[in-house]
Amino acid sequence: MRKETVLNAFVLFVLLAVPLWALQADEPFIITLATKAVIFAIAGVGLNFALGLGGLVSLGHAAFFGIGGYTMGILASHAQSYSAVIEWPIVIEGTSSMPIIWLTAVLFSGVFALIIGALSLRTSGVYFIMITLAFGQMLFFFMISWPTYGGEDGLVIYVRNGFPGLNTLDPIQFFGICFALLCLVLLVVSRIAKSSFGLALGGARQNEERMQAIGMVPYRLYLIAFTISGAITGLAGALFADLNRFVSPTMFSWQTSGEIMVFIILGGMGRLFGPVVGAALFILLEHLLGGLSEFWHIYLGAILLGVVLFARGGLIQLIVGREISHD
Amino acid sequence: MSLILLIEQVLNGLQFGVMLFLMAAGLTLIFGVMGLINLAHGSFYMIGAFAAAATAAATGSFLLALVASLVAAAAAGAIVEMTVIRRLYTRDHLDQVLATFALILIFSEGTRWMFGSFPLFLEIPEYLSGPIRLPFGIEYPQYRLAIIAVGLIVAGGLFALIAKTRIGIQIRAGESDREMIAALGVDISKLYTFVFALGAALAGIAGALIGAIQSVQVGMGEPVLILAFVVIVIGGIGSIKGALLGALLVGLTDTLAGFLLPKAFGLIMDAAAATSVGSSLASMSIYILMAGVLLFKPTGLFGST
């Protein structure tokens with residue numbers, strides 16, 4: 001077995017063992033931290049699909065995270081007040097059922113990713129970075145100035161949405177749901193990465209001209225990757241909103257986009273488990289350094305700078321060494 | 001709707017645009033010459049504002065405060081260039097984005113640590129406070145008019161520096177062929193430090209000038225930075241002319257959309273709905289402008305393909 005596979009299995013084991021230990025020790029706060037790490041990991045896996053596999057440096061993934069969050073917020077707030085989301089041309093009621101909310105979140109963030117991607121992918125390189133950033137800001141300002149769903153104050157959902165057969169308000173059960181979704185997302189992403197589409201996408205990242213020469217259309221490959229990537233990040237947004245039972249325009253802020261990217265870099269870019277390791281490390285740092293000093297972002301900045309300048313490949317590369325690559 | 005109000009809004013848009021130009025000019029110069037995308041540019045804006053507020057509080061002189069903002073931002077720019085940025089020129093854009101994102105975290109939290117979380121205030125000097133009477137009975141704040149003037153003078157100076165001076169020739173040469181001017185005996189690393197410090201100084205003075213209208217606080221730089229990105233995407237990355245045109249377009253669009261759209265919707269729906277629809281659309285207007293420009297010219301108005 002490859003060293004990285006062993007590490008990946010170990011990471012999943014730790015991620016599952018820590019909250020189970022916390023359950024024994026009666027530390028619900030640690031379960032919540034682990035849930036947060038798992039949700040951030042899903043968001044990171046989403047961005048990593050575009051960034052690591054397709055080489056698309058998107059600084060606007062907070063948009064999809066926020067759309068996922070607001071999908072949950074809007075549906076659940078209507079269910080809370082027994083009112084319809086829209087009444088014309090067809091009546092759509094709110095819902096507090098998690099599976100329906102997830103599907104809607106994936107659908108909406110996917111559609112938005114398709115639109116934003118179709119426009120942004122007309123450009124490349126540094127333009128692409130700035131344009132995705134700008135589209136993220138556009139939605140951020142829209143959410144702030146749109147008064148229907150709370151505007152700047154956001155929306156509070158009083159009861160966590162339900163999942164058939166489970167008590168979602170129990171921290172360990174909600175963690176279980178998020179963990180299962182993370183495993184599902186990882187499985188899907190690893191399958192897509194090995195499919196002919198994934199191979200073509202990796203090819204386009206490495207050499208666009210050659211892919212064109214063998215009849216592929218890079219724009220189409222990138223757009224599909226960007227859409228899938230946005231949809232996964234949207235799912236994470238819906239879960240994050242359910243974790244906090246609160247959504248606000250902060251989910252759309254560009255710092256969120258930056259942080260999702262930081263998960264990937266801390267763990268290791270382009271690796272399946274990079275964002276998982278990175279998100280767990282981020283939560284750990286936030287918890288440990290945040291306890292040391294209220295200015296813990298200085299240390300985070302210094303660590304990030306160190307990783308970018310001297311340890312490209314992140315924590316996974318430090319442990320298992322360079323990837324056996326076919327580049 | 002009176003014409004006078006409209007003219008005032010146009011002046012406000014102009015003032016906003018001129019400030020955006022000071023930010024965007026530095027960004028686009030740094031990208032044009034060094035090929036670097038710098039997210040930490042907003043931090044220099046913040047450093048300029050804080051340096052000005054601290055100096056004004058200590059000495060009471062607004063002019064000294066402006067000088068301090070230039071010096072502090074340029075010094076911060078030069079130090080950062082020599083310690084961190086220099087290592088990033090050969091890296092890809094992703095590394096540049098991440099490293100400069102890390103710099104933002106360090107600068108913002110560092111400033112919060114030094115000055116605390118509460119906003120500082122920078123007073124408009126006595127001789128510039130109060131309105132000025134313009135032709136046609138328009139009254140306009142003197143200070144805002146002064147900002148437009150200072151901005152235009154700095155813009156003119158920048159164009160002269162790049163078009164007429166020896167260092168300007170080197171900058172333009174650096175944009176078109178880095179290796180060649182190094183081979184011709186220009187100390188390229190000194191030139192890079194100079195360009196970076198110049199861009200930082202422009203951002204710093206913009207921060208100080210705006211700091212007197214708004215409050216001086218941590219995180220003030222990033223919203224402006226993102227607008228400056230929109231400006232240079234519209235104008236074409238690397239083009240100073242494009243940055244000027246883009247900045248004025250964005251400044252005017254943002255101000256006039258916020259003013260006109262709620263009124264326009266007021267003609268077809270009731271007042272409360274018009275205000276909410278109008279202001280939501282207005283907040284998105286510059287991004288719609290950007291998307292529109294990109295549909296027709298993916299490399300911006302003055303960008304090279």
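## Re the overall build of chain A
- When you go through chain A residue by residue, the secondary structure sums to 13 helices and four strands.
- Relative to its length of 327 residues, chain A is compact, with a C-alpha radius of gyration of 20 Å against a globular reference of 20 Å.
- Taken over the C-alpha atoms alone, chain A extends approximately 55 × 50 × 40 Å along its principal axes.
- Taking all 327 residues of chain A together, the buried fraction comes to 50%.
- Contacts spanning at least 24 positions in sequence make up 74% of the contacts within chain A whose residues lie at least 6 apart.

## Digging into the overall build of chain B
- For chain B, the count of helices and strands is 11 helices and two strands.
- For chain B, the α and β elements follow one another from N to C terminus as α-α-α-α-β-β-α-α-α-α-α-α-α.
- In terms of overall size, chain B behaves like a compact globule, its C-alpha atoms giving a radius of gyration of 20 Å where 305 residues would be expected to give roughly 19 Å.
- By its C-alpha atoms, chain B is 65 × 50 × 35 Å across when sized along the principal axes.
- Sorting the 305 residues of chain B into buried and exposed places 50% on the buried side.

## Focus: the environment of leucine 145 of chain B
Residue and element names in this part refer to chain B.
- Summarising the element assignment, leucine 145 is placed in helix H5 (residues 142-164).
- Spatially, the C-alpha atoms of leucine 145 and alanine 197 are 27 Å apart, while their sequence positions differ by 52 residues.
- Excluding anything up to four places from it in sequence, leucine 145 contacts Ile132 and Tyr140.

## Considering the nonpolar core
- In this structure, Ile42 and Ala134 of chain A together with Val230 of chain B are the most contacted members of the largest nonpolar core, which totals 205 residues.
- Sequence-distant contacts of isoleucine 42 of chain A, that is, excluding residues within four places in its chain, are made with Leu181, Leu182, Val185, Ile232, Leu235, Ala236 and Leu239 of chain A.

## Digging into the interface of chain A and chain B
- The partner chain B presents 35 residues to the 35 residues of chain A that form the contact.
- The element contributing the most residues to the side of chain A that touches chain B is helix H5 (residues 125-145) of chain A, with 14 residues.

## Looking at the confidence of the model for chain A
- Per-residue confidence for chain A gives a mean pLDDT of 90; residues scoring 70 or more make up 98%.
- Summarising per-element confidence for chain A, the mean pLDDT is lowest in strand S1 (residues 84-86) of chain A (81) and highest in helix H9 (residues 218-244) of chain A (96).

## Concerning helix H6 (residues 166-176) of chain B
Residues and elements named next belong to chain B.
- Buried within H6 we find Gln170, Ile171 and Gly174. Buried residues of H6 fall within an arc of 100° about the axis and therefore sit on the same side.
- The inward-facing, buried residues of H6 contact helix H1 (3-34), H5, helix H7 (178-183) and helix H8 (188-211).

## So, the packing of helix H7 (residues 196-206) of chain A against H9 of chain A
Residues and elements named next belong to chain A.
- Where H7 contacts H9, the axes come no closer than 10 Å and their chain directions differ by 115°. Relative to H9, H7 is oriented so that their crossing is left-handed. On the side of H7, the interface is formed by Ala200, Leu201 and Ala204, while H9 contributes Pro218, Leu221, Tyr222 and Ala225.
- A per-class count over the contact of H7 with H9 returns seven nonpolar, no polar and no charged.

## Thoughts on the pairing of strand S1 (residues 131-134) of chain B
Residue and element names in this part refer to chain B.
- Relative to strand S2 (residues 138-141), S1 runs antiparallel, the two being bridged by four bridges. Paired with arginine 133 across the two strands is glutamate 139, which belongs to S2.
- Taking the residues that link successive antiparallel strands as the turn, the S1-S2 hairpin has three residues, and the phi of phenylalanine 136 there is positive, at about 65°.

## Things to note about unusual backbone geometry
All names here are of chain A.
- Of note in the backbone geometry, tyrosine 82 takes a positive phi value of approximately 55° without being a glycine.
- The phi angle at arginine 245 is positive, at roughly 50°, despite the residue not being glycine.
- The class of arginine 245 is partly exposed, set by 17 C-beta atoms lying within 10 Å.

## So, the environment of glycine 278 of chain B
Residue and element names in this part refer to chain B.
- Along the chain, glycine 278 turns up in helix H11 (residues 271-296).
- Since 22 C-beta atoms lie within 10 Å of it, glycine 278 is described here as buried.
- Taking the C-alpha atoms as reference points, glycine 278 and glutamine 9, separated by 269 residues in sequence, lie 16 Å from one another.

## Here's the deal with the packing of H1 of chain B against H8 of chain B
All names here are of chain B.
- At their nearest, the axes of H1 and H8 sit 8 Å apart, and the two run at 165° to each other. Classified by the angle between their axes, H1 and H8 sit roughly antiparallel to one another. In the packing of H1 onto H8, the handedness of the crossing is left-handed. Where H1 approaches H8, its residues Met19, Leu22, Met23, Ala25, Gly26, Leu27, Leu29, Ile30, Val33 and Met34 are matched on the opposing element by Tyr192, Val195, Phe196, Gly199, Ala200, Leu202, Ala203, Ile205, Ala206, Leu209 and Ile210.
- Residue composition of the contact of H1 with H8, by class: 19 nonpolar, two polar and no charged.

Scoring rules and cut-offs
Residues numbered from 1 in each chain as written. Chains lettered and ligands numbered in written order. Predicted model: local features only at pLDDT ≥ 70, side-chain atom pairs only at ≥ 80, totals over all residues. Helix = DSSP H or I, 4+ residues; strand = E, 2+ residues; numbered from the N terminus. Rg over C-alpha atoms; globule rule 2.2 N^0.38 Å. Buried ≥ 20, exposed ≤ 12 C-beta atoms within 10 Å, placed from the backbone. Contact = placed C-beta atoms within 7 Å. Core = buried A, V, L, I, M, F, W, Y, C linked by C-beta atoms within 7 Å. pLDDT = per-residue confidence, 0-100. Arc of directions from axis to C-beta. Axes fitted to C-alpha atoms, helices over the stretch in contact; angles between N-to-C directions. Left-handed = near helix turned anticlockwise from the far one by under 90°. Nonpolar A, V, L, I, M, F, W, Y, C, P; charged D, E, K, R; others polar. Pairing = 2+ DSSP bridges. Parallel < 35°, antiparallel > 145°, perpendicular 65-115°, else oblique.

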